[in-house]
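Secondary and tertiary structure notes
Below, each chain spelled out in residue letters.
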Amino acid sequence: MSLELVVAGALLTTLTLYVLTGVADFGAGAWYLAARGKRAPAQRALIDRALAPIWEVNHVWLIIVLVLLFAAFPSAFTAIMTSLHIPVTLLLVGIVLRGASFAFHHSDVPFDQRLPWGRLFAVGSLVAPFWLGVVLGSVAAGLPASSGSFVSRYVEPWLAPFPLAVGVFTTVLALYLAAAYLTVEAQGGELQDEFRLRAIGAGIVAAGLEETLLLVSREGAPLLWAGLTGTVWGALAQFTTAVAGLTGIGCLWFKRYRWARFSIAGQVTVTLWSWVLAQWPYLVPPHLTIYNAAAPTPTLRAVLYALGAGAVLVFPALWYLLRIFKQQTLFGSDAPKD
Amino acid sequence: MTDLQAARTLMAASLGFHILFAVVGIGLPLMMVLAEWRWHRTGDAVPLALARRWAKGTAMLFAIGAVSGTILSFQLGLLWPKFMQWAGPIIGLPFSLEGVAFFTEAVFLGLYLYGWRLLSPAAHLASGLVVAVSGVASGIFVVLANGWMNTPRGFRLLQGQPADIDPVAAMFNPSGLAQVPHMILGAYAATGFAVAGIHAWRLLRHPDDPFHRRALTIALWLGGISALLQPLSGDLLAKMVAVHQPAKLAAFEGQFATEAGAPFRLGGIPNLDHGRLDYAIEIPYALSLMLYLDPTATVTGLDAVPRDQWPPVAVARGAFQVMILCGAAMAFVTLWAGWQWWRHRAVAQSRRFLQAVILVGPLGFVATEAGWIAAEVGRQPWIITGVMRTADAVTPVPGLLIPLVFFGALYLMLAAVVLWILHHHIGAGTPKELQVVESPAVTRSAYES
């Protein structure tokens, strides 16, 4: 196996972990917006309790994605940061609003009630996955080197149906993942049922959007369309996603929350990996592959050693963190049915 | 304002904002751990309350540091894509290690902040220690990457492109190695004195409050030792700059003409048209002596460097002098504290001393900003010294004034809220439980409270 492939695998793994954890945290924050009426305080408290000890850790995956990208595939990093300057900046705005307002909100300082920390937190959590999706969608659609006007160089790559649809899809996935995770976090009671219904709703919307995306990709991301519709593995991937999606919604319906969470995470993972496989070996179509964009061998080796050594340190630590704070949600079992 | 100017200003604003939180993220966890360790040893409730108070500050400041650091890692690409494309493979190693350190820090900070009741006291203390250590590690790796921009190593230039990349050699570049102790000591000094200043201010009003006394002691120990060691690390760094970046050193010292037996100059106004420093106080032979341990040694002046490769002399020199003056003030207060300790076995006796501590309280942060400005502006016009000019690295995306205004406003807003929260934490004064409890001996069960 070539070094490029190993590093690309590490990049994909990190991105997957970020989507399953960090992006789900955005979804949880966005559910703040749906918390209304007399149930709002309980719902928000559940979200806060679930996020507090882990959201900063989950966020670090994004930093690792960035570092891997610029260290190992510098020309891909440059292409993304140049053509997608605007959506990346908007993604940053979401990340900053979310993080800062969460920290302020929980600083034990009795702010004036009119200060909108909760709302900023929710809005930041909503826009961040959208713009992340737009960035990923634009990459899937391809970033051809262009020398035209401002609009054709810095706006058209992302202001198109496919990237925007991926943005919406990512947002719904975030909401879906978060609602499913929160059903387990709630451990029974009214809260569990509330998030169960939300998860089912989000799941149905996500399924619809997934099919829409496929149709839009015919024009918007031809590589993706060709991969998913024209190959055996593409058909298999679609089938797996559909099964996982249906299983997820079914499990939620029958209140098998842990199985639901597992299926939904599987559905998201398969979706992400099918995209990557479809545009294989391109990192940023139509020119940059993981081979021609890769840094020289000594760099790839150094980065892999560093991250390998880091993994030995980080994963046990992460395991310990989750043992302490997510004992019940990750290692326990569902409460007996009533 | 040109796009290049906007990009530079935005990068400067982002770094200038982030560095404050990075510095606190290095210093405050250590103080928090020292206080908790003190409680472990003695069972005294005062340091435990201190550890908890400082942990609260750390939580909020770390979060803002994490988001502003995220902004930076994106802006490296958003503003300087050509630099990143060129340098990314060479300095990817320290950035990867920094990612690992940041990860460790986030994990153990979560354990520390939310694990007061869930972890055993020893595991809790150990978590805090890991936070303190990984904060330092993060700082070291970032500074090593920055050092590479000053003294690029670990590659060979082949038709304008890097070849034969050696990431390890790049990471252990001479400038980075010399910058590391200076930055870490600076972080400890800045945090120590800022915290000492805050508690000294409270002590002026409540002279016998044990909470603020203990806080002042811990903060002054950390800040003071660092402030005394800092001139040594600075001296080491200056000697390195003199060898590798003579133009930068010449700008720092206002050394326009190459000169044997160069004096050390204090103050003065750079006169670029006539190539001299006006109205400066000179200490004869001192600069040659400091740099080369030889009063007659020759110091390279700006005249040895083509005019278009001069850094902005006034800014670099001004910032450098501000840094040195702030450092001197902190060292002076430290010596004063030592004197008081020697004579009276207590540092917080005289009001005059407390007032002095309050005055120098912010100077560590001023010195950090000034030193950083000196280091970065002194590197100009290069983004990679001798290899790539800053002007050649900037993004082709136009209209950078818009993100500059936006992020500028964002930083001001965040800074205002952070100050408000800190003001509230400080205004909260001595924790209530300490005001009620007369006896300082509290059993371990206080931990469960």
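Refer to the structure above for everything that follows.
Residues numbered from 1 in each chain as written. Chains lettered and ligands numbered in written order. Predicted model: local features only at pLDDT ≥ 70, side-chain atom pairs only at ≥ 80, totals over all residues. Heavy atoms only, no water.

Notes on the overall build of chain A
Of the regular secondary structure elements, chain A holds 14 helices and 2 strands. Taking 20 Å as the expected radius of gyration for a compact globule of 338 residues, we find that chain A reaches 20 Å, a close match to that expectation. On the principal axes, the C-alpha backbone points of chain A span a range of 55 × 45 × 45 Å. Looking at chain A residue by residue over its 338 residues, the buried ones come to 59%. Here the analysis covers contacts within chain A between residues at least 6 apart in sequence; of these, 79% occur between residues at least 24 apart. Carbon together with sulfur atoms contributes 69% to the accessible area of chain A, which is approximately 13800 Å² in total. Charge-centre separation for chain A: the mean point of 20 positive side chains lies 4 Å from the mean point of 16 negative side chains. (Helix = DSSP H or I, 4+ residues; strand = E, 2+ residues; numbered from the N terminus. Rg over C-alpha atoms; globule rule 2.2 N^0.38 Å. Buried < 20%, exposed > 50% of the residue type's maximum accessible area, 1.4 Å probe, protein only. Contact = heavy atoms within 4.5 Å. Areas by Shrake-Rupley, 256 points an atom, 1.4 Å probe, with all protein chains shown as cover. Lys, Arg positive; Asp, Glu negative; His and termini not counted. Charge placed at Lys NZ, Arg CZ, Asp CG, Glu CD.)

A word on the overall build of chain B
If you tally the helices and strands in chain B, you get 15 helices and 10 strands. Over its C-alpha trace chain B gives a radius of gyration of 23 Å, about what one expects of a compact globule, namely 22 Å for 449 residues. Its C-alpha atoms give chain B principal-axis dimensions of about 70 × 45 × 40 Å. Here chain B, with 449 residues, has 59% of them falling under the buried criterion. Accessible surface, chain B as shown: approximately 18200 Å² in total, 68% of it carbon and sulfur. Counting 28 positive and 24 negative side-chain charges, chain B places the averaged centre of each group 9 Å from the other.

Digging into the pattern of salt bridges
Where charged atoms from two side chains of opposite charge approach closely, those side chains can pair. The full count for this structure, using the stated rule, is 13 salt bridges over all chains. Two residues, A:Arg196 and A:Asp193, come together in a salt bridge whose shortest N-O distance is 3.1 Å. Remark: A:Asp193 and A:Arg196 occur in helix α9 (residues 189–220); sequence separation between them is 3 residues, near one turn of the helix. A salt bridge links B:Asp308 to B:Arg389; the nearest nitrogen and oxygen atoms lie 3.2 Å apart. With a gap of 81 residues between them, B:Asp308 in the loop between β8 (298–299) and α10 (313–344) and B:Arg389 in strand β10 (residues 388–389) connect regions that are remote in the sequence. On the accessibility criterion, B:Arg389 (24% relative accessible area) is partly exposed. Through salt bridges that share partners, A:Arg39, A:Glu190 and A:Glu194 make up one connected network. (Salt bridge = Lys/Arg side-chain N within 4 Å of Asp/Glu carboxyl O.)

A short note on the side chain of B:His18
Residue and element names in this part refer to chain B. Here His18 lies in helix α1 (residues 3–42). Among the residues examined, His18 registers a relative accessible area of 18% and is labelled buried. Only 2.9 Å separates the side chain of His18 from the side chain of Ser68, close enough to count as a polar contact. (Polar contact = N/O pair within 3.5 Å; in protein donor to acceptor, adjacent residues only side chain to side chain.)

Here's the deal with the packing of helix α11 (residues 232–253) of chain A against helix α12 (residues 257–278) of chain A
Residues and elements named next belong to chain A. Running from N to C, α11 and α12 point in directions that differ by 160 degrees, and their axes come no closer than 8 Å. Classified by the angle their axes make, α11 and α12 are roughly antiparallel. In the crossing of α11 with α12, the sense of the turn from one axis to the other is left-handed. For the pair formed by α11 and α12, the contact residues are Trp233, Ala237, Thr240, Thr241, Ala244, Gly245, Thr247, Gly248, Cys251 and Leu252 on the first element and Tyr257, Trp259, Ala260, Ser263, Ile264, Gln267, Val270, Thr271, Ser274, Leu277 and Ala278 on the second. (Axes fitted to C-alpha atoms, helices over the stretch in contact; angles between N-to-C directions. Parallel < 35°, antiparallel > 145°, perpendicular 65-115°, else oblique. Left-handed = near helix turned anticlockwise from the far one by under 90°.)

Remarks on the interface of chain B and chain A
Taken together, the contacts link 57 residues of chain B with 59 residues of chain A. Carbon and sulfur atoms make up 84% of the area that chain B and chain A hide from each other, which totals about 5200 Å². For the chain B face of the interface with chain A, the top three residues by lost area are B:Phe74, B:Leu78 and B:Phe103, together amounting to 14%. At the surface where chain B touches chain A, the tally comes to 0 salt bridges. (Buried area = accessible area lost by both parts, 1.4 Å probe.)

Here we look at unusual backbone geometry
A:Trp280 connects to A:Pro281 through a cis peptide bond whose omega is -5 degrees. Positionally, A:Pro281 belongs in the loop between α12 and β1 (282–284). Despite not being glycine, B:Asp164 has its phi angle at roughly 50 degrees, a positive value. Structurally, B:Asp164 can be placed in the loop between β2 (161–163) and α5 (167–171). Of the residues examined, B:Asp164 reaches a relative accessible area of 52% and is grouped as exposed.

A look at helix α11 (residues 351–360) of chain B
All names here are of chain B. Within α11, the full set of buried residues consists of Phe353, Leu354, Ala356, Val357 and Val360. Seen along its axis, α11 keeps its buried residues to an arc of 155 degrees; they face one direction. The outward face of α11, more than 90 degrees from its buried face, is lined by the exposed residues Arg352 and Leu359. Packed against the buried residues of α11 are α6 (174–205), α7 (210–244), α10 and α12 (363–377). (Arc of directions from axis to C-beta.)

Brief notes about the side chain of A:Thr171
All names here are of chain A. Within the element layout of this structure, Thr171 appears in helix α8 (residues 161–186). Of the residues examined, Thr171 reaches a relative accessible area of 10% and is grouped as buried. In terms of polar contacts, Thr171 uses its side chain to reach the backbone amide nitrogen of Phe130, at 3.4 Å. Once residues within four sequence positions are removed from consideration, Thr171 is found in contact with Leu126, Pro129 and Phe130.

Quick word on the environment of B:Ile269
Residues and elements named next belong to chain B. As for its placement among the helices and strands, Ile269 is situated in strand β5 (residues 269–271). Here Ile269 falls in the exposed class, since its relative accessible area comes to 51%. Remark: the alpha-carbon pair of Ile269 and Glu253, spanning 16 residues in sequence, is separated by 11 Å. Apart from the residues lying within four places of it in its own chain, the contact partners of Ile269 are Arg276, Leu277, Asp278 and Tyr279.

A few points about the packing of helix α4 (residues 121–150) of chain B against α6(B)
Residues and elements named next belong to chain B. With their axes 8 Å apart at the nearest point, α4 and α6 run at an angle of 140 degrees to one another. Judged on the interaxial angle alone, α6 and α4 are oblique. Between α4 and α6 lies a crossing whose hand is right-handed. On α6, the residues touching Val136, Ile140, Val143, Leu144, Asn146, Gly147 and Asn150 of α4 are Ser175, Gly176, Leu177, Gln179, Val180, Met183, Ile184 and Tyr188. Grouping the constituent residues of the contact of α4 with α6 by class yields 9 nonpolar, 6 polar and no charged. (Nonpolar A, V, L, I, M, F, W, Y, C, P; charged D, E, K, R; others polar.)

Topic: the nonpolar core
Counting residues in hydrophobic clusters, the biggest one holds 241 residues, and the most contacted among them are A:Phe73, A:Phe104, B:Trp54, B:Phe74, B:Phe83 and B:Trp148. Setting aside its immediate chain neighbours within four residues, B:Phe74 contacts A:Leu62, A:Leu66, A:Met81, A:Val88, A:Leu91, A:Leu92 and A:Ile95. B:Phe252, B:Leu277, B:Ala367 and B:Ala370 belong to the second-largest nonpolar core, a separate cluster that totals 19 residues. (Core = buried A, V, L, I, M, F, W, Y, C linked by side-chain atoms within 4.5 Å.)

A few points about the packing of aromatic side chains
Considering all chains together, one arrives at 26 aromatic pairs over all chains under this definition. A centroid spacing of 4.7 Å and a plane angle of 75 degrees characterise the contact between A:Trp61 and B:Phe103, whose relative ring orientation is edge-to-face. With one member in each of two chains, A:Trp61 in helix α3 (residues 55–72) and B:Phe103 in helix α3 (residues 81–114) form a pair that bridges those chains. Given the relative accessible area of 2%, B:Phe103 is considered buried. (Phe/Tyr/Trp six-rings, centres within 6.5 Å; stacked < 30°, edge-to-face > 60°.)

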